[in-house]
Structures are given as structure tokens and as C-alpha cells.
Amino acid sequence: MTQHRTTAEWQALSREHLLAPFSDYKQLGAKGARIVTRADGVYLWDSEGHKILDAMAGLWCVNVGYGRRELADAAHRQMLELPYYNLFFQTAHPPAIELANAIAEIAPEGMSHVFFTGSGSEANDTVLRLVRHYWAIKGQPSKKVIIGRINGYHGSTVAGASLGGMQAMHEQGDLPIPGIEHIAQPYWFGEGGALDPQAFGEWAANELEKKILEVGEENVAAFIAEPIQGAGGVIIPPESYWPRVRQILAKYAILFVVDEVICGFGRTGEWFGSQYYGLEPDLMPIAKGLTSGYIPMGGVIVRDEVAQTLAEGGEFYHGYTYSGHPVAAAVALENIRILREEKIVERVKQETAPYLQRRWQELADHPLVGEARGLGMLGALELVKDKQTRARFEGQGVGMRCREHCFGNGLIMRAVGDTMIVSPPLVITPAQIDDMLLLVRKCLDATAAEVLV
Ligand SMILES: *Cc1c(COP(=O)(O)O)cnc(C)c1O
């Protein structure tokens, strides 16, 4: 397919017909999209034949790396056997059942039920409906409000974007919808001010209790949060944050939704971020690494007590045509088999993540870097004008400049404002991490040469 047109032809066709997600159409039209044509391992190739190290694993999802034939074979086999059937109205099929069982085996203790969806956003739509339905069954229908966090990300559907706390998204189309409240995020580098990280972490956690009391426990259904904010800029909470949140949640009858769409399936070196932080969620939305992005699929892993309550509530009038899609389920099953049999999560914990983090810290001495932080297979660099005062650049688009240098040098690193982030495939080797670090430093140098005078 890729040989039929030139890059300019792809770009022109794209401009004429394709409305791409999260894109400024005028800008994109003027510049032309980068056309990615194939991939293998941790590398992509574009239509000009450039090889690019994908330090973002697509969008945080290609955990087992590109080019795994077993996943294609699993899809092919399933398409021939049963390409589609649904789970509506009391039917089921082997791939969805086997997958729910496989997920229950790796999920935290006591979370052995799964509701399948087509994506992470849909998973959070399911969360919104499920938690309200749950409290209604319990005879407490006033418990409807869901507390999320500013700069959290839970997807791009109406419910997902409302639960998330992205201001730019809220401004387009009157979001959030009613019944959703947001509290401060535990982003010490950006918002910690004069507080030390631990004091700031406690302050941010206490905002949850303040909000619960303000809204009234009798009106709050759930608190939703990512273990580590991904799209918000790989924000790793201070160590004091999660323990304090857990103390607060223990005092109130409120469901805890831990959005595992990024952290799930090995990103932190544990199967789930909840296990890394010792959280005890009631619901865990999943997607991305569930299929390593080879095919769309999401879901919500549900605590047994919640599932038991749902069982008492009659029919749950909710579901998607593609909930538990057999081809997606077959791919997810094969993906989990690969992660388990090749001990990829264990290797991340014992070998690759410690190595990545050790090398990542070396970037802290770069003149442009105010903080180099990371955890598991996640990393962030705060680009600043002044390392000592954490003073930012103003209106220079330094993050986007750096990102351009990355593309130009064969590296994909994402920019969130002036925060550069990575989330490489979990199968990246130490030698490839070395290659990545060389490229990162080169791009930082090129950016610094432009903006630090
Ligand atoms: C990506 C993401 C989502 C949304 O998933 P989609 O599959 O893009 O709908 C939800 N939550 C988190 C934490 C995410 O990173």
C-alpha cells in the first residue's frame, strides 16, 4: 500500500479528506502530515524511508513492540472462526470469556470481573454509568458526583473529557457535564511553590477530603485518578500523596476508580499501577496495553463486591456493539500470553526500568532541564529557562521546538507544553535505551542552542 503514492500525494489526500484527532487543521494542512508507513520492534519508518525510534510506543500502547506476528495470527485465526458476535442479551463467546479469566488472574486480589469496551474513553463512559447505577441499587441514588482532577486525562468522549481535567478540552463544547468536580493535581514541579514535595503531596491529597465535605458524602459516587498522570505530562505524585488519599478514602463510602489505561499491563514494572502504589481500587478502566494497540479494545475491571451489587440490580442497560469483540479479545489474550511467557513485566521491573531511570537521571545536568523524573518505563523532562528558580520560558513553544528536533533526528518524544515525555515499548533493550538517550541529548542541545542565549 505504501509504495503507490509519494509523500506529497499522501499529504495532499490527507489534507483533502482526513480529519485527524487532536490536530490544528490549518497548521496541519499548511505543513503536511508526517506519513508513517511501517514499524518493527521499537522503530517506525516514514514514507521518506527515515527510521524513527518511537519513544512513545505509539500513544503509550505498543507494550510488546511492533511487528509481533503472533498477534496478527491470532486475529487471522479468530476472524476465520468467529469474526463477530456480541455479548448482549445473555450470549457470550470463548474469546471474551477466556480474556476475562486471563485478566482476573493478573488483576489485584478481589477484582475478578471485567466489562469490555472498545477504548479507554468508552471504559470511562462505562465507569460513569456504572458507579451511578451501583449507588442507585444500594438505595443511595443521590450519590452521583464524581470527583476527578485538574489536568487528569480520561479520554475524549463527553464523559471521558468531563471526568478529565483538561481546560482546553472543556472550553470546546461546554464541558464538563454536570455532576463532575475537579480538584488540584499532585504536580509538585509545576505547582508546588515554596512547599517541599512531601508537604505539597499531602496538601494535594487533602483537597480530596475538602471536596468530599463540600459536595457532601451523600452526593459523591466516586473519585477517579490515574496512578501517574500520562497525557498531563507524566506527573508522578510525591510519595506522601497516595498514602494520604488512601487514608481519606477509608473514611468515606466512595468508590475509587483508578484509571489504568496507561499504567496497566506493565508500564510501572507491575501489572497495574495500583499494585505499584498499593492502591485498592473498586474499578480499573483499561485499554492501550491490553492489546498493545494492535486492535482497539478497552474494559473496566470491577471489584467483586461491586459486581455482586450489580447482580442484584436487574438489567444494566449499557453496552457497546463491540464489547468483548472476539477478534480484539483473541489479540488481547495473545498479547497477555506474550507478556507473561516472555516475562516482560518482570524484566521491566528488574532490568529495563532501573536502567532507563538511571540513564534518564543523567539528563538532569543538562542546562535546559529543570527536572528529570521517571518511574517504570515512563520519563519526563521539564524544560526551563532557569534551573535554580524553576522559571519557565514564556510563549516560545520550547517543547514543540524540541519535538521538531526529535522528529528531525529520528526520535519520537512528546511535548506537553514545555515538558518532554517518553513511554517506550516495554521490550526496549538497554542498548536501545542508550541510543534513545544519545538522541534525546542531541535534541536538547539543538533546542538549547536556539533558546538559551
Ligand atoms: C488514553 C487514555 C484514555 C482514553 O483512551 P482511548 O482509547 O484513547 O479512548 C483514558 N484514560 C487514560 C489514562 C488514557 O491515557
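Just above sits the structure.
For the structure given in this document, a descriptive report is provided here. None of these values were measured; they are calculated from a predicted model.

Criteria and cut-off values
Residues numbered from 1 in each chain as written. Predicted model: local features only at pLDDT ≥ 70, side-chain atom pairs only at ≥ 80, totals over all residues. Heavy atoms only, no water. Helix = DSSP H or I, 4+ residues; strand = E, 2+ residues; numbered from the N terminus. Rg over C-alpha atoms; globule rule 2.2 N^0.38 Å. Areas by Shrake-Rupley, 256 points an atom, 1.4 Å probe, with all protein chains shown as cover. Lys, Arg positive; Asp, Glu negative; His and termini not counted. Charge placed at Lys NZ, Arg CZ, Asp CG, Glu CD. Pairing = 2+ DSSP bridges. Axes fitted to C-alpha atoms, helices over the stretch in contact; angles between N-to-C directions. Contact = heavy atoms within 4.5 Å. Expected span 1.5 Å × (residues − 1). Polar contact = N/O pair within 3.5 Å; in protein donor to acceptor, adjacent residues only side chain to side chain. 1 Å grid on protein atoms, 1.4 Å probe; cavity = no way out; pocket = protein on both sides within 12 Å on 5 of 7 lines; lining within 4 Å. Points joined across faces, edges and corners; volume = space filled by probe spheres on them. Nonpolar A, V, L, I, M, F, W, Y, C, P; charged D, E, K, R; others polar. Near = heavy atom within 4 Å. Buried < 20%, exposed > 50% of the residue type's maximum accessible area, 1.4 Å probe, protein only. Disulfide = S-S within 2.5 Å. Left-handed = near helix turned anticlockwise from the far one by under 90°.

As a further point, take the overall build of the protein. Each helix and strand counted, the protein has 17 helices and 15 strands in total. Whereas a compact globule of 453 residues would reach a radius of gyration of roughly 22 Å, the protein reaches 22 Å, a difference of no more than 12%. Along the three orthogonal principal directions, the C-alpha set of the protein runs to about 65 × 60 × 45 Å. When the accessible surface of the protein is totalled, it reaches about 20,000 Å², and 54% of it is carbon and sulfur. Measuring between centres, the 41 positive side-chain charges of the protein sit 3 Å from its 54 negative side-chain charges.

Taken in spatial order, the 4 strands of this open sheet run β11-β12-β15-β14, and their pairing is antiparallel. Two strands in the sheet have a free side with no partner beyond their single neighbour: β11 (369-375) and β14 (414-416). Strand-to-strand twist in this sheet, taken as the mean axis angle between neighbours without regard to direction, amounts to 20°. Relative to strand β15 (residues 419-422), β14 runs antiparallel, the two being bridged by 3 bridges. Paired with Val416 across the strands is Thr419, a residue of β15. In the packing of helix α15 (residues 344-361) onto the sheet, contacts are made with β11, β12 (378-383) and β15, and the angle to β11 comes to roughly 175°.

This brings us to the sheet that holds strand β13 (residues 411-412). Read across the open sheet, the 4 strands follow the order β1-β2-β3-β13; overall the sheet is mixed. Taken across any chain shown, the strands that pair with only one partner, and hence form the sheet edges, are β1 (36-40) and β13.

As a further point, take helix α10 (residues 197-215). Relative to the 27 Å expected for 19 residues at 1.5 Å per residue, α10 spans 28 Å between its end C-alpha atoms, a close match to the ideal helical length. One side-chain oxygen of the residue at the start of α10 lies 3.0 Å from the amide nitrogen of Gln198, identifying that residue as Asp196. Count one or two residues on from α10 and you reach Gly216, which has phi positive near 95°.

This brings us to the layout of surface pockets. Empty space within the second largest pocket amounts to approximately 930 Å³. In terms of lining residues, the second largest pocket is bounded by 25 residues, among which Leu87, Val114, Phe115, Phe316 and His318 are the most central. Those elements that provide at least two residues to the lining of the second largest pocket are α5 (94-106), β4 (113-117) and α13 (304-311). By residue class, the composition of the lining of the second largest pocket is 17 nonpolar, 7 polar and 1 charged.

It is worth spelling out the site of the ligand at this point. Close to the ligand lie Ser119, Gly120, Ser121, Asn124, Tyr153, His154, Gly155, Glu226, Asp259, Val261, Ile262 and Lys288. One of the backbone nitrogen or oxygen atoms of Gly120 is found 2.9 Å away from an oxygen atom of the ligand. Between a nitrogen atom of the ligand and a side-chain N or O atom of Asp259, the distance comes to 2.8 Å. Contact with the protein chains removes 82% of the 380 Å² of surface that the ligand exposes when unbound. Along the lines of polarity and charge, the residues of the shell around the ligand split into 3 nonpolar, 6 polar and 3 charged.

Tracing the sequence through the fold places His154 in the loop between β5 (145-149) and α7 (158-163). Among the residues examined, His154 registers a relative accessible area of 3% and is labelled buried. Polar side-chain contacts of His154 include one of 2.8 Å to the side chain of Asp259. If near-sequence neighbours (up to four positions away) are discounted, His154 is found in contact with Gly120, Ser121, Asn124, Gly160, Leu163, Gly164, Ile224, Ala225, Glu226 and Asp259.

Moving on, we come to the state of the cysteines. Throughout the structure, instances matching the rule amount to 0 disulfides. Cys406 takes part in no disulfide bond, and the closest cysteine sulfur, belonging to Cys443, lies 3.8 Å away.

Next up on the list: the packing of helix α4 (residues 69-81) against helix α14 (residues 326-341). Across the interface, α4 lies against α14 with an axial gap of 8 Å and an inter-helix angle of 150°. Considering how the two elements wind past one another, α4 and α14 form a crossing that is right-handed. When α4 is examined against α14, the residues Glu70, Leu71, Ala74, Ala75, Gln78 and Met79 are found in contact with a partner set consisting of Pro326, Val327, Ala330, Val331, Glu334, Asn335, Arg337 and Ile338. Looking at the contact of α4 with α14 residue by residue, the classes come out as 9 nonpolar, 2 polar and 3 charged.

No statement about biological role is implied by the geometric values presented.
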